[in-house]
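This is what each chain is made of:
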Amino acid sequence: MSYFHPERMPALPDRRRKAARLQLEQIVAGSAKRRRRAKPAAIMAGTAAIVLATGAAAIAAAVYQPVTDKTTARCFTVADTSGFATEIAVPGKPGTKGAVQNARDICAALYRQGLLTRGAQRVNPRHSKGNHPVPALQVCTWTDGTAAVFPGPRGTCAKLNLPAAARR
Amino acid sequence: MGIDWGSASDQELWSQATNELAGEAFGELFERHANRVYAHCFSRTGSWSMAEDLTSVVFLEAWRRRTEVRFSGDCALPWLLGVANNATRNAQRSLRRYSLLLAKLPPPEAEADFAADAAERVDQERLAQHLLCSMGGLRRAEQEVLALCDWAGLSYAEAAVAMGVPEGTVRSRLFRARQHLRDLADDSQARCMHLNRSPAGLLAGGTA
(Lines give C-alpha, C1' and ligand atoms only; values in the text may rest on other atoms or scores of the structure.)
Protein backbone atom coordinates (compact mmCIF):
# COMPACT_ATOMS: atom_id res chain seq x y z
CA MET A 1 0.00 0.00 0.00
CA SER A 2 2.79 2.40 -0.87
CA TYR A 3 0.75 5.27 -2.28
CA PHE A 4 3.52 7.71 -1.46
CA HIS A 5 6.61 5.69 -2.27
CA PRO A 6 9.54 7.95 -1.33
CA GLU A 7 11.37 7.39 -4.60
CA ARG A 8 8.36 8.39 -6.68
CA MET A 9 7.49 11.51 -4.73
CA PRO A 10 8.48 14.91 -6.10
CA ALA A 11 11.49 16.53 -4.49
CA LEU A 12 11.31 19.71 -2.46
CA PRO A 13 11.38 22.54 -5.06
CA ASP A 14 14.95 23.63 -5.65
CA ARG A 15 14.59 27.33 -4.86
CA ARG A 16 12.83 26.56 -1.61
CA ARG A 17 15.31 23.84 -0.66
CA LYS A 18 18.30 26.14 -1.08
CA ALA A 19 16.68 28.98 0.86
CA ALA A 20 15.51 26.69 3.67
CA ARG A 21 18.95 25.09 3.96
CA LEU A 22 20.68 28.46 4.08
CA GLN A 23 18.27 29.69 6.74
CA LEU A 24 18.75 26.57 8.82
CA GLU A 25 22.54 26.83 8.57
CA GLN A 26 22.47 30.47 9.66
CA ILE A 27 20.18 29.80 12.61
CA VAL A 28 22.15 26.77 13.75
CA ALA A 29 25.52 28.50 13.35
CA GLY A 30 24.27 31.60 15.18
CA SER A 31 22.81 29.57 17.99
CA ALA A 32 25.92 27.40 18.36
CA LYS A 33 28.07 30.55 18.40
CA ARG A 34 25.96 32.12 21.17
CA ARG A 35 26.28 28.93 23.18
CA ARG A 36 30.05 28.95 22.75
CA ARG A 37 30.22 32.58 23.76
CA ALA A 38 28.19 31.88 26.88
CA LYS A 39 30.49 29.11 27.95
CA PRO A 40 33.73 30.91 28.88
CA ALA A 41 32.32 32.16 32.17
CA ALA A 42 31.37 28.66 33.19
CA ILE A 43 34.67 27.28 31.95
CA MET A 44 36.61 29.93 33.85
CA ALA A 45 34.67 29.19 37.04
CA GLY A 46 35.30 25.47 36.60
CA THR A 47 38.95 26.06 35.85
CA ALA A 48 39.35 28.23 38.92
CA ALA A 49 37.92 25.46 41.06
CA ILE A 50 40.37 22.98 39.59
CA VAL A 51 43.26 25.35 40.25
CA LEU A 52 42.27 25.64 43.87
CA ALA A 53 41.83 21.93 44.25
CA THR A 54 44.70 20.49 42.32
CA GLY A 55 47.17 23.25 41.75
CA ALA A 56 48.39 25.22 38.81
CA ALA A 57 49.63 22.20 36.86
CA ALA A 58 46.10 21.23 35.99
CA ILE A 59 45.48 24.41 34.03
CA ALA A 60 48.28 23.82 31.60
CA ALA A 61 46.38 21.00 29.93
CA ALA A 62 43.15 23.00 29.71
CA VAL A 63 44.51 25.73 27.45
CA TYR A 64 45.72 26.01 23.89
CA GLN A 65 49.33 25.41 23.00
CA PRO A 66 50.99 25.84 19.61
CA VAL A 67 52.39 22.91 17.70
CA THR A 68 56.13 23.57 17.78
CA ASP A 69 57.35 20.50 15.91
CA LYS A 70 55.77 20.06 12.50
CA THR A 71 58.11 17.39 11.18
CA THR A 72 55.69 14.65 12.16
CA ALA A 73 52.21 14.22 13.62
CA ARG A 74 50.05 11.38 14.92
CA CYS A 75 46.61 10.27 13.77
CA PHE A 76 44.77 8.37 16.51
CA THR A 77 41.85 6.04 15.87
CA VAL A 78 40.41 6.41 19.38
CA ALA A 79 40.16 9.30 21.81
CA ASP A 80 42.73 7.71 24.08
CA THR A 81 46.37 8.72 24.42
CA SER A 82 47.36 5.07 24.77
CA GLY A 83 45.26 3.99 21.79
CA PHE A 84 46.50 3.14 18.31
CA ALA A 85 48.02 5.95 16.28
CA THR A 86 49.86 6.14 13.02
CA GLU A 87 52.62 8.64 12.57
CA ILE A 88 52.46 10.92 9.56
CA ALA A 89 55.32 12.87 8.03
CA VAL A 90 55.60 14.92 4.90
CA PRO A 91 59.01 14.70 3.24
CA GLY A 92 60.59 17.97 2.27
CA LYS A 93 62.95 18.84 -0.57
CA PRO A 94 66.43 17.37 -0.28
CA GLY A 95 68.32 19.26 2.38
CA THR A 96 65.18 20.63 4.00
CA LYS A 97 62.89 19.32 6.70
CA GLY A 98 59.37 18.24 5.83
CA ALA A 99 56.51 19.92 7.59
CA VAL A 100 53.04 18.70 8.48
CA GLN A 101 51.22 21.96 7.86
CA ASN A 102 47.73 20.66 8.46
CA ALA A 103 47.66 17.44 10.43
CA ARG A 104 43.85 17.40 10.59
CA ASP A 105 43.53 17.39 6.78
CA ILE A 106 46.02 14.59 6.37
CA CYS A 107 44.40 12.45 9.06
CA ALA A 108 40.97 13.15 7.53
CA ALA A 109 42.30 11.97 4.18
CA LEU A 110 43.52 8.73 5.77
CA TYR A 111 40.03 8.15 7.21
CA ARG A 112 38.38 9.08 3.92
CA GLN A 113 40.55 6.62 2.02
CA GLY A 114 39.69 3.87 4.49
CA LEU A 115 43.25 3.51 5.75
CA LEU A 116 42.10 4.50 9.21
CA THR A 117 38.83 3.50 10.81
CA ARG A 118 37.59 4.76 14.11
CA GLY A 119 38.46 2.23 16.83
CA ALA A 120 40.80 0.23 14.58
CA GLN A 121 43.98 -1.17 16.08
CA ARG A 122 46.04 -0.84 12.92
CA VAL A 123 46.17 0.78 9.52
CA ASN A 124 43.95 -1.10 7.12
CA PRO A 125 46.14 -1.96 4.11
CA ARG A 126 43.29 -3.58 2.17
CA HIS A 127 40.99 -0.63 2.18
CA SER A 128 38.29 -0.50 -0.46
CA LYS A 129 38.03 2.38 -2.89
CA GLY A 130 35.55 5.18 -2.39
CA ASN A 131 34.84 7.68 0.32
CA HIS A 132 34.83 6.31 3.83
CA PRO A 133 33.34 8.11 6.83
CA VAL A 134 35.49 10.76 8.46
CA PRO A 135 34.72 11.36 12.11
CA ALA A 136 34.96 14.77 13.71
CA LEU A 137 38.67 15.30 14.42
CA GLN A 138 40.34 17.40 17.08
CA VAL A 139 43.97 18.51 16.96
CA CYS A 140 45.83 18.50 20.27
CA THR A 141 49.44 19.29 21.03
CA TRP A 142 51.39 16.21 22.08
CA THR A 143 53.93 16.37 24.89
CA ASP A 144 56.83 16.63 22.41
CA GLY A 145 55.28 19.60 20.61
CA THR A 146 53.93 17.64 17.62
CA ALA A 147 50.28 17.55 16.59
CA ALA A 148 48.10 14.65 17.72
CA VAL A 149 44.78 14.24 15.95
CA PHE A 150 41.99 12.42 17.82
CA PRO A 151 38.49 11.45 16.72
CA GLY A 152 35.89 13.05 18.93
CA PRO A 153 33.90 16.19 19.58
CA ARG A 154 35.24 19.54 20.67
CA GLY A 155 36.65 19.21 24.17
CA THR A 156 38.36 15.90 23.43
CA CYS A 157 41.83 17.39 24.06
CA ALA A 158 40.81 18.65 27.49
CA LYS A 159 39.38 15.24 28.36
CA LEU A 160 42.68 13.67 27.40
CA ASN A 161 44.51 16.21 29.51
CA LEU A 162 46.24 17.63 26.45
CA PRO A 163 46.24 21.23 25.27
CA ALA A 164 44.30 21.91 22.10
CA ALA A 165 46.53 22.98 19.24
CA ALA A 166 46.50 26.73 18.82
CA ARG A 167 45.47 27.76 15.33
CA ARG A 168 48.55 29.86 14.67
CA MET B 1 38.62 21.87 6.31
CA GLY B 2 39.24 18.18 5.97
CA ILE B 3 35.79 17.01 6.95
CA ASP B 4 34.05 15.22 4.12
CA TRP B 5 30.41 15.83 4.97
CA GLY B 6 29.14 13.61 2.20
CA SER B 7 30.61 10.48 3.72
CA ALA B 8 30.04 11.38 7.38
CA SER B 9 27.24 9.47 9.09
CA ASP B 10 24.23 11.29 10.52
CA GLN B 11 25.56 10.60 13.98
CA GLU B 12 28.89 12.20 13.13
CA LEU B 13 27.11 15.22 11.67
CA TRP B 14 24.98 15.52 14.79
CA SER B 15 28.10 15.37 16.94
CA GLN B 16 29.15 18.70 15.43
CA ALA B 17 26.16 20.43 17.02
CA THR B 18 28.27 22.03 19.72
CA ASN B 19 31.06 23.45 17.62
CA GLU B 20 31.66 25.98 14.90
CA LEU B 21 30.79 23.45 12.20
CA ALA B 22 27.23 22.97 13.47
CA GLY B 23 25.67 25.08 10.70
CA GLU B 24 27.37 23.17 7.90
CA ALA B 25 26.64 19.83 9.53
CA PHE B 26 22.92 20.57 9.90
CA GLY B 27 22.88 21.87 6.33
CA GLU B 28 24.17 18.50 5.19
CA LEU B 29 21.54 16.70 7.30
CA PHE B 30 18.88 18.88 5.67
CA GLU B 31 20.20 18.09 2.18
CA ARG B 32 20.21 14.41 3.00
CA HIS B 33 16.74 14.05 4.43
CA ALA B 34 14.66 17.04 3.29
CA ASN B 35 12.94 15.18 0.45
CA ARG B 36 11.83 12.29 2.64
CA VAL B 37 10.60 14.69 5.31
CA TYR B 38 8.81 16.72 2.64
CA ALA B 39 7.08 13.61 1.26
CA HIS B 40 6.05 12.54 4.75
CA CYS B 41 4.67 15.97 5.62
CA PHE B 42 2.72 15.89 2.38
CA SER B 43 1.26 12.48 3.08
CA ARG B 44 0.13 13.71 6.51
CA THR B 45 -1.41 16.99 5.31
CA GLY B 46 -2.41 16.45 1.68
CA SER B 47 -0.98 19.84 0.75
CA TRP B 48 2.27 20.48 -1.06
CA SER B 49 2.53 24.09 0.07
CA MET B 50 1.97 23.18 3.69
CA ALA B 51 4.52 20.37 3.35
CA GLU B 52 7.13 22.88 2.15
CA ASP B 53 6.67 25.01 5.25
CA LEU B 54 6.49 22.02 7.55
CA THR B 55 9.76 20.63 6.17
CA SER B 56 11.51 23.75 7.43
CA VAL B 57 9.64 23.50 10.70
CA VAL B 58 10.78 19.89 11.18
CA PHE B 59 14.46 20.79 10.85
CA LEU B 60 14.16 23.87 13.05
CA GLU B 61 12.40 21.73 15.64
CA ALA B 62 15.08 19.06 15.25
CA TRP B 63 17.70 21.68 16.05
CA ARG B 64 15.72 22.91 19.04
CA ARG B 65 15.36 19.33 20.31
CA ARG B 66 18.81 18.20 19.17
CA THR B 67 19.72 16.65 22.50
CA GLU B 68 16.71 14.32 22.30
CA VAL B 69 17.74 12.76 18.99
CA ARG B 70 17.60 8.97 18.65
CA PHE B 71 19.36 7.23 15.80
CA SER B 72 18.32 4.10 14.02
CA GLY B 73 21.72 2.62 13.37
CA ASP B 74 23.52 5.76 12.25
CA CYS B 75 20.49 7.29 10.58
CA ALA B 76 18.49 10.24 11.92
CA LEU B 77 15.66 9.98 9.38
CA PRO B 78 13.23 7.90 11.50
CA TRP B 79 13.55 10.36 14.37
CA LEU B 80 13.09 13.28 11.96
CA LEU B 81 9.88 11.66 10.68
CA GLY B 82 8.77 11.38 14.31
CA VAL B 83 9.38 15.11 14.65
CA ALA B 84 7.40 15.53 11.42
CA ASN B 85 4.52 13.57 12.94
CA ASN B 86 4.42 16.01 15.83
CA ALA B 87 4.68 19.01 13.53
CA THR B 88 1.88 17.84 11.25
CA ARG B 89 -0.34 16.79 14.15
CA ASN B 90 -0.54 20.41 15.19
CA ALA B 91 0.31 21.88 11.82
CA GLN B 92 -1.28 25.26 12.36
CA ARG B 93 0.37 25.70 15.74
CA SER B 94 3.76 24.58 14.35
CA LEU B 95 3.49 27.00 11.44
CA ARG B 96 2.48 29.82 13.77
CA ARG B 97 5.48 29.20 16.01
CA TYR B 98 7.91 29.64 13.11
CA SER B 99 5.85 32.11 11.09
CA LEU B 100 8.47 34.86 11.22
CA LEU B 101 11.17 32.58 9.86
CA LEU B 102 8.90 31.02 7.25
CA ALA B 103 7.94 34.46 6.01
CA LYS B 104 11.56 35.04 5.02
CA LEU B 105 11.59 32.02 2.70
CA PRO B 106 10.40 32.14 -0.91
CA PRO B 107 6.67 31.44 -0.99
CA PRO B 108 5.61 27.90 -1.96
CA GLU B 109 6.07 27.49 -5.68
CA ALA B 110 3.18 28.36 -7.94
CA GLU B 111 1.93 25.50 -10.05
CA ALA B 112 3.19 27.26 -13.19
CA ASP B 113 6.75 26.83 -11.95
CA PHE B 114 6.53 23.10 -12.43
CA ALA B 115 3.85 22.94 -15.08
CA ALA B 116 4.94 19.54 -16.33
CA ASP B 117 4.32 18.03 -12.92
CA ALA B 118 1.32 20.16 -12.06
CA ALA B 119 -1.32 17.62 -13.05
CA GLU B 120 0.45 14.87 -11.17
CA ARG B 121 0.82 17.04 -8.11
CA VAL B 122 -2.87 17.91 -8.15
CA ASP B 123 -3.73 14.23 -8.45
CA GLN B 124 -1.42 13.40 -5.57
CA GLU B 125 -3.06 16.06 -3.44
CA ARG B 126 -6.47 14.55 -4.17
CA LEU B 127 -5.19 11.09 -3.41
CA ALA B 128 -3.61 12.21 -0.15
CA GLN B 129 -6.76 14.05 0.90
CA HIS B 130 -8.85 11.00 0.08
CA LEU B 131 -6.56 8.74 2.07
CA LEU B 132 -6.49 11.14 4.99
CA CYS B 133 -10.28 11.25 4.90
CA SER B 134 -10.43 7.45 4.75
CA MET B 135 -8.18 7.23 7.77
CA GLY B 136 -10.28 9.78 9.65
CA GLY B 137 -11.94 7.03 11.68
CA LEU B 138 -8.63 5.66 12.91
CA ARG B 139 -6.91 6.66 16.11
CA ARG B 140 -4.08 9.14 15.65
CA ALA B 141 -1.43 6.58 16.58
CA GLU B 142 -2.88 4.17 14.01
CA GLN B 143 -2.76 6.83 11.31
CA GLU B 144 0.84 7.62 12.16
CA VAL B 145 2.03 4.02 12.09
CA LEU B 146 0.38 3.52 8.68
CA ALA B 147 2.03 6.67 7.35
CA LEU B 148 5.45 5.65 8.64
CA CYS B 149 5.45 1.98 7.65
CA ASP B 150 3.18 1.77 4.62
CA TRP B 151 3.84 5.13 3.04
CA ALA B 152 7.27 6.30 4.18
CA GLY B 153 8.57 2.73 3.99
CA LEU B 154 10.19 2.55 7.43
CA SER B 155 10.95 -0.82 8.98
CA TYR B 156 9.35 -1.79 12.29
CA ALA B 157 12.56 -0.90 14.10
CA GLU B 158 12.79 2.49 12.41
CA ALA B 159 9.12 3.25 13.06
CA ALA B 160 9.74 2.36 16.71
CA VAL B 161 12.43 5.06 16.85
CA ALA B 162 10.14 7.54 15.11
CA MET B 163 7.24 6.89 17.48
CA GLY B 164 9.30 6.38 20.62
CA VAL B 165 7.66 3.02 21.38
CA PRO B 166 8.96 -0.58 21.44
CA GLU B 167 9.11 -2.46 18.15
CA GLY B 168 6.46 -4.93 19.33
CA THR B 169 4.06 -2.05 19.84
CA VAL B 170 4.66 -0.91 16.25
CA ARG B 171 3.85 -4.39 14.93
CA SER B 172 0.64 -4.76 16.90
CA ARG B 173 -0.42 -1.17 16.24
CA LEU B 174 0.16 -1.59 12.51
CA PHE B 175 -1.77 -4.85 12.45
CA ARG B 176 -4.71 -3.23 14.23
CA ALA B 177 -4.53 -0.12 12.03
CA ARG B 178 -4.70 -2.14 8.81
CA GLN B 179 -7.57 -4.22 10.16
CA HIS B 180 -9.38 -1.14 11.39
CA LEU B 181 -8.92 0.53 7.99
CA ARG B 182 -10.47 -2.49 6.25
CA ASP B 183 -13.36 -2.47 8.70
CA LEU B 184 -14.01 1.18 7.96
CA ALA B 185 -13.70 0.83 4.19
CA ASP B 186 -17.42 0.98 3.38
CA ASP B 187 -18.04 3.80 5.77
CA SER B 188 -15.10 5.87 4.47
CA GLN B 189 -16.10 5.20 0.86
CA ALA B 190 -19.37 6.98 1.52
CA ARG B 191 -17.91 9.62 3.79
CA CYS B 192 -15.12 10.61 1.41
CA MET B 193 -17.09 10.40 -1.81
CA HIS B 194 -17.10 14.18 -2.08
CA LEU B 195 -13.35 14.03 -2.70
CA ASN B 196 -14.16 12.68 -6.12
CA ARG B 197 -11.39 10.21 -6.89
CA SER B 198 -10.64 7.16 -4.82
CA PRO B 199 -7.13 5.82 -4.33
CA ALA B 200 -8.04 2.78 -6.44
CA GLY B 201 -9.14 5.05 -9.27
CA LEU B 202 -5.95 7.01 -9.10
CA LEU B 203 -3.83 3.90 -9.00
CA ALA B 204 -5.58 2.61 -12.09
CA GLY B 205 -4.68 5.89 -13.74
CA GLY B 206 -1.03 5.24 -12.90
CA THR B 207 -0.41 8.42 -10.99
CA ALA B 208 0.38 7.04 -7.57
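Cut-offs used in this document
Residues numbered from 1 in each chain as written. Chains lettered and ligands numbered in written order. Predicted model: local features only at pLDDT ≥ 70, side-chain atom pairs only at ≥ 80, totals over all residues. Helix = DSSP H or I, 4+ residues; strand = E, 2+ residues; numbered from the N terminus. Buried ≥ 20, exposed ≤ 12 C-beta atoms within 10 Å, placed from the backbone. Contact = placed C-beta atoms within 7 Å. Core = buried A, V, L, I, M, F, W, Y, C linked by C-beta atoms within 7 Å. Domains from an automatic or database assignment. Nonpolar A, V, L, I, M, F, W, Y, C, P; charged D, E, K, R; others polar. pLDDT = per-residue confidence, 0-100. Expected span 1.5 Å × (residues − 1). Axes fitted to C-alpha atoms, helices over the stretch in contact; angles between N-to-C directions. Left-handed = near helix turned anticlockwise from the far one by under 90°.

J.: When you look at the overall build of chain B in this model, what are you seeing that I'm missing?
T.: In terms of helices and strands, chain B carries twelve helices and zero strands. Scanning chain B from its N terminus toward the C terminus, one meets helices and strands in the order α-α-α-α-α-α-α-α-α-α-α-α. Looking at the 208 residues of chain B, the share that counts as buried comes to 42%. Sequence separation of at least 24 residues holds for 69% of the intrachain contacts in chain B that already meet a minimum separation of 6.

J.: Hey, could you run me through the overall build of chain A in this one?
T.: What chain A contains, in helices and strands, is four helices and six strands. Reading the secondary structure of chain A in the N-to-C direction produces α-α-β-β-β-α-β-β-α-β. Across the 168 residues in chain A, those meeting the buried criterion constitute 28%. For chain A, long-range pairs separated by at least 24 residues make up 52% of all intrachain contacts whose partners lie at least 6 apart in sequence.

J.: Teacher, can you tell me more about the nonpolar core here?
T.: General note: in soluble globular proteins, nonpolar side chains tend to be found buried as a group. Among the nonpolar cores identified, the biggest contains 86 residues, and Cys140(A), Val149(A), Val58(B) and Leu80(B) are the most heavily contacted of them. Of all the elements, helix 2 (residues 22-45) of chain B adds the most residues to this core, at eleven residues. Residue contributions to this core reach at least three from each of two domains, namely domain 1 (14-60) and domain 2 (64-165) of chain A. Among residues more than four places away in sequence, those in contact with Val149(A) are Ala73(A), Arg74(A), Cys75(A), Phe76(A), Ala103(A), Arg104(A), Cys107(A), Leu137(A) and Val139(A).

J.: Sorry, what's going on with the interface of chain B and chain A here?
T.: A common way to state how big an interface is: give the accessible area lost once the parts meet. Listed as interface residues are 49 residues of chain B and, on the opposing side, 38 residues of chain A. Broken down by secondary-structure element, the contributors of at least two residues to the side of chain B that touches chain A are helix 2, helix 3 (48-64), helix 7 (115-134) and helix 8 (140-151) of chain B. Element by element, the count of residues in the side of chain B that touches chain A is highest for helix 2 of chain B, at 13 residues. Looking at the side of chain B that touches chain A, its residues break down into 22 nonpolar, 15 polar and twelve charged.

J.: It is not clear to me how the confidence of the model for chain A should be interpreted in this structure. Could you clarify?
T.: When pLDDT is averaged along chain A, the result is 77; 71% of the residues meet or exceed 70. Looking across chain A, the model is least confident in helix 2 (residues 57-60) of chain A, with a mean pLDDT of 48, and most confident in strand 5 (residues 147-151) of chain A, with 92.

J.: How should I be thinking about helix 3 of chain B in this particular structure?
T.: An α-helix turns once per 3.6 residues; consequently, residues spaced three or four apart project the same way. Between the first and last C-alpha of helix 3 of chain B there are 24 Å, a value that for 17 residues agrees with the 24 Å anticipated at 1.5 Å per step. Of all 17 residues in helix 3 of chain B, 13 are buried; the element is thus mostly enclosed.

J.: Looking at this structure, I do not really get unusual backbone geometry. What am I missing?
T.: Trans is the prevailing form of peptide bonds, just as negative phi is the prevailing case for residues other than glycine. Residues other than glycine seldom take positive phi values, yet Asn161(A) does so here, at roughly 65 degrees. You can see Asn161(A) is positioned in the loop between helix 4 (156-159) and strand 6 (164-165).

J.: Looking at this model, I keep getting lost on the environment of Glu144(B). Mind explaining?
T.: Topologically, Glu144(B) is positioned in helix 8. In this structure, Glu144(B) is in contact with Asn85(B) and Met163(B), ignoring residues within four places of it in sequence.

J.: For this particular structure, what's the right way to read the packing of helix 3 of chain B against helix 4 (residues 77-89) of chain B?
T.: When two helices pack together, their arrangement is given by the angle between their axes and by how far apart the axes lie. All names here are of chain B. Between helix 3 and helix 4, the shortest axis-to-axis distance is 9 Å and the interhelical angle comes to 120 degrees. The handedness of the crossing between helix 3 and helix 4 is right-handed. Of the residues in helix 4, those in contact with Leu54, Val57, Val58, Glu61 and Ala62 of helix 3 are Leu80, Val83, Ala84, Ala87 and Thr88. For the contact of helix 3 with helix 4, the class distribution of residues is eight nonpolar, one polar and one charged.

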